[in-house]
Amino acid sequence: MSSSTPLGVLDLVPIPSGATAGEALRNSIDLAQHAERLGYHRYWFAEHHLNPGVAGTSPAVVLALTAAATSSIRLGSGAVQLGHRTALSTVEEFGLIDALHPGRVDLGLGRSGGRPPGERADPPPTVTPVVDGRAPGGLLIPPRFSFERLLGSPRIALQRRLLQLPGAESQDYAEQVDDILALLAGTYRSAEGVEAHAVPGEGADVEVWILGSSGGTSAEVAGRRGLRFTANYHVSPATVLEAVDGYRAYFQPSDDLGKPYVSVSADVVVAEDEATAHDIATGYGLWVRSIRTAEGAIPFPTPEEARAHAWSDADQDLVRDRVDTRFVGSPSQVTDHLEQLQEATGADELLITTITHDHTARVRSYELLAREWQRR
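Report follows, based on the coordinates. (Residues numbered from 1 in each chain as written. Predicted model: local features only at pLDDT ≥ 70, side-chain atom pairs only at ≥ 80, totals over all residues. Heavy atoms only, no water.)

1. Section: the overall build of the chain
Rules: Secondary structure follows DSSP: runs of H or I at least 4 residues long count as helices, runs of E at least 2 residues long count as strands, and numbering of each begins at the N terminus. A radius of gyration in this sense is built from C-alpha atoms; the matching globule rule multiplies 2.2 Å by the number of residues raised to 0.38. Only protein chains enter the calculation, and the probe is 1.4 Å; a residue is then buried if its accessible area is under 20% of its type maximum, exposed if over 50%, and partly exposed in between. By the counting scheme adopted, Arg and Lys are positive, Glu and Asp are negative, and His together with the chain ends is not counted. The atoms used to mark charge sites are NZ of Lys, CZ of Arg, CG of Asp and CD of Glu.
A tally of helices and strands in the chain yields 14 helices and ten strands. Over its C-alpha trace the chain gives a radius of gyration of 20 Å, about what one expects of a compact globule, namely 21 Å for 376 residues. In terms of principal-axis extent, the alpha carbons of the chain reach across some 65 × 45 × 45 Å. The 376 residues of the chain split such that 55% are buried. Taken as two groups, the 32 positive and 49 negative side-chain charges of the chain have centres that lie 2 Å from each other.

Encoded structure:
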């Protein structure tokens with residue numbers, strides 16, 4: 001099963017403590033080159049803002065730089081956040097990249113940088129059973145994490161204000177996706193019947209994906225338009241089954257896609273043995289804490305820096321769902337967990353995100369995983 005399910009990479013362009021944004025970018029381009037050699041199917045860049053430890057602020061810019069340094073691996077966004085941009089600017093940006101690297105570009109779309117995973121009150125019911133916190137095959141489905149405190153923080157409000165032009169309002173998400181699809185297809189017409197043609201962009205050979213954390217709006221938009229869908233186990237593990245089940249319930253075939261197609265993300269660290277893997281993954285909990293306290297992702301700490309943190313019970317509760325659902329261990333152990341994730345979600349692809357302080361260890365993690373995945 002493993003080798004028949006493609007693996008991709010999701011990269012936030014993390015900045016290790018003591019390093020610069022430039023070093024982080026060079027590390028990511030180097031990792032993409034390794035991923036291409038190792039047989040990974042896709043390499044996506046996330047979009048985050050006002051985070052001291054994350055340099056991936058513009059997926060289009062980073063993937064354009066990476067496209068010039070690679071030759072065959074698919075490159076894309078995971079995801080462009082549409083809440084503060086227009087359909088036209090998005091199509092033109094990705095059209096520019098496709099013009100020089102045709103057939104290699106994925107346009108992953110997200111709603112915004114600050115919406116909770118529970119974005120709708122009545123998503124379709126989850127059909128995958130969960131018993132005592134476990135899905136079929138043993139995948140851990142933790143209790144839901146409440147994002148209310150995070151989304152109500154002054155820093156998130158400032159981020160929205162800085163990203164949005166004064167007085168501007170975000171377009172309805174479904175309408176915006178429809179505009180993107182129409183601009184790509186060359187069929188866009190305004191309400192007054194005026195045509196618009198994006199050059200470059202119209203006719204671009206890009207693969208459109210929707211990313212979502214629940215069975216709500218994003219899953220519905222993807223399903224009803226027959227688009228590919230990515231569910232985020234690494235961001236919101238409690239709602240991953242709801243997300244994939246909702247998408248499949250909404251799915252209607254399109255000219256491009258005859259049946260649902262799902263990718264699922266996971267946080268992973270692999271080393272030669274379990275003890276080494278847990279050691280190099282030590283900084284993860286402290287890094288997640290910085291995100292969920294709304295201070296912004298800190299530069300990824302060394303194991304020593306992370307071990308020096310005095311954890312309170314509140315801190316532990318803040319990160320427990322993320323720490324408990326990451327896959328850390330030997331190649332065999334992590335592959336077993338990824339197979340559980342694939343079985344529980346029915347994923348057609350898996351998207352792997354690995355963050356360590358040491359770049360060599362990060363590259364090695366992807367190498368060990370690829371080797372074991374292909375062996376199975």
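Still more to cover.
2. Considerations on a nonpolar patch on the surface
Convention followed: Residues enter patches when they are more than 30% accessible in relative terms and free of salt bridges; like-charged ones are connected within 9 Å and nonpolar ones (Val, Leu, Ile, Met, Phe, Trp, Tyr) within 5 Å. Here the Shrake-Rupley method, with its probe set to 1.4 Å, supplies the accessible areas, and only the displayed protein chains count as covering residues. Salt bridges are identified by distance alone: a Lys or Arg side-chain nitrogen within 4 Å of an Asp or Glu carboxyl oxygen.
On the surface, a cluster of nonpolar side chains totalling about 270 Å² of accessible area is made up of Leu50, Leu158 and Leu162. Assignment of secondary structure puts Leu158 in helix H5 (residues 154–163). A relative accessible area of 32% places Leu158 in the partly exposed class.

3. Some details on the side chain of Asp245
Defined as follows: Under this definition, polar contacts are N or O atom pairs within 3.5 Å; protein pairs additionally need one hydrogen-donor-capable and one acceptor-capable atom, and for neighbouring residues in sequence, both atoms have to be side-chain atoms.
Mapped onto the elements, Asp245 comes out in helix H8 (residues 240–250). One buried charge, Asp245, has no salt-bridge partner; the nearest side chain with opposite charge is Arg248, at 4.3 Å. Polar side-chain contacts of Asp245 include one of 3.0 Å to the backbone nitrogen of Thr128.

4. Looking at the pairing of strand S7 (residues 228–232)
Selection rule: What makes two strands pair is DSSP finding at least two bridges between them. When the strands point away from the viewer, a crossover counts as right-handed if the route from the first strand across the helix to the second turns clockwise.
Burial analysis of S7 places five of its five residues in the buried class, the great majority of the element. Of the two faces of S7, both are covered, the one formed by Arg228, Thr230 and Asn232 as well as the one formed by Phe229 and Ala231. Sheet analysis places strand S6 (residues 206–212) next to S7, joined by four bridges and oriented parallel. Note on S7: the bridge partner recorded for Trp209 is Arg228. For the crossover that starts at S6, traverses helix H7 (residues 217–224) and ends in the parallel S7, the hand is right-handed. Here four bridges tie S7 to strand S8 (residues 262–270), and the two strands are oriented parallel to one another. Residue pairing across strands places Phe229 opposite Val262, the latter belonging to S8.

5. Observations concerning the nonpolar core
Here is a general trend for soluble globular proteins: nonpolar side chains tend to be buried in one another's company. Spelled out, the test is: In this description, a nonpolar core means a group of buried Ala, Val, Leu, Ile, Met, Phe, Trp, Tyr and Cys residues linked to one another through side-chain atoms lying within 4.5 Å. Contact between two residues is taken to exist if any of their heavy atoms lie within 4.5 Å; hydrogens are not considered.
Grouped together as the largest cluster of nonpolar side chains are 75 residues, with contacts concentrated most on Tyr40, Leu109, Val264 and Leu338. The contact partners of Val264, leaving out residues within four places of it in the chain, are Ala231, Tyr233, Val240, Val244, Leu341, Thr345, Ala347, Glu349, Leu350 and Leu351. Counting 20 residues, the second largest nonpolar core, distinct from the first, contains Leu12, Tyr284, Leu318 and Ile355.

6. Some details on helix H2 (residues 59–67)
Here is the rule we go by: Regarding the arc, it is the one traced by the directions from the helix axis to the C-beta atoms.
Buried residues of H2: Pro59, Ala60, Val62, Leu63, Thr66 and Ala67, and no others. Along H2, the residues classed as buried sweep out an arc of 165° about the axis, all on the same side. The elements touched by buried residues of H2 are helix H1 (21–38), strand S2 (42–45), strand S3 (74–77) and helix H3 (87–100).

7. Section: helix H14 (residues 359–375)
Threshold: For a helix, the expected span equals 1.5 Å multiplied by the number of residues minus one.
For H14, spanning 17 residues, the distance from its first C-alpha to its last is 25 Å, which sits close to the expected 24 Å at 1.5 Å a residue. When we look at burial in H14, the residues that qualify are His359, Ala361, Arg362, Val363, Ser365, Tyr366, Leu368, Leu369, Ala370, Glu372 and Trp373. Contact partners of the buried residues in H14: strand S1 (7–11), H1, S8, helix H9 (274–280), helix H13 (331–345) and strand S10 (349–353).

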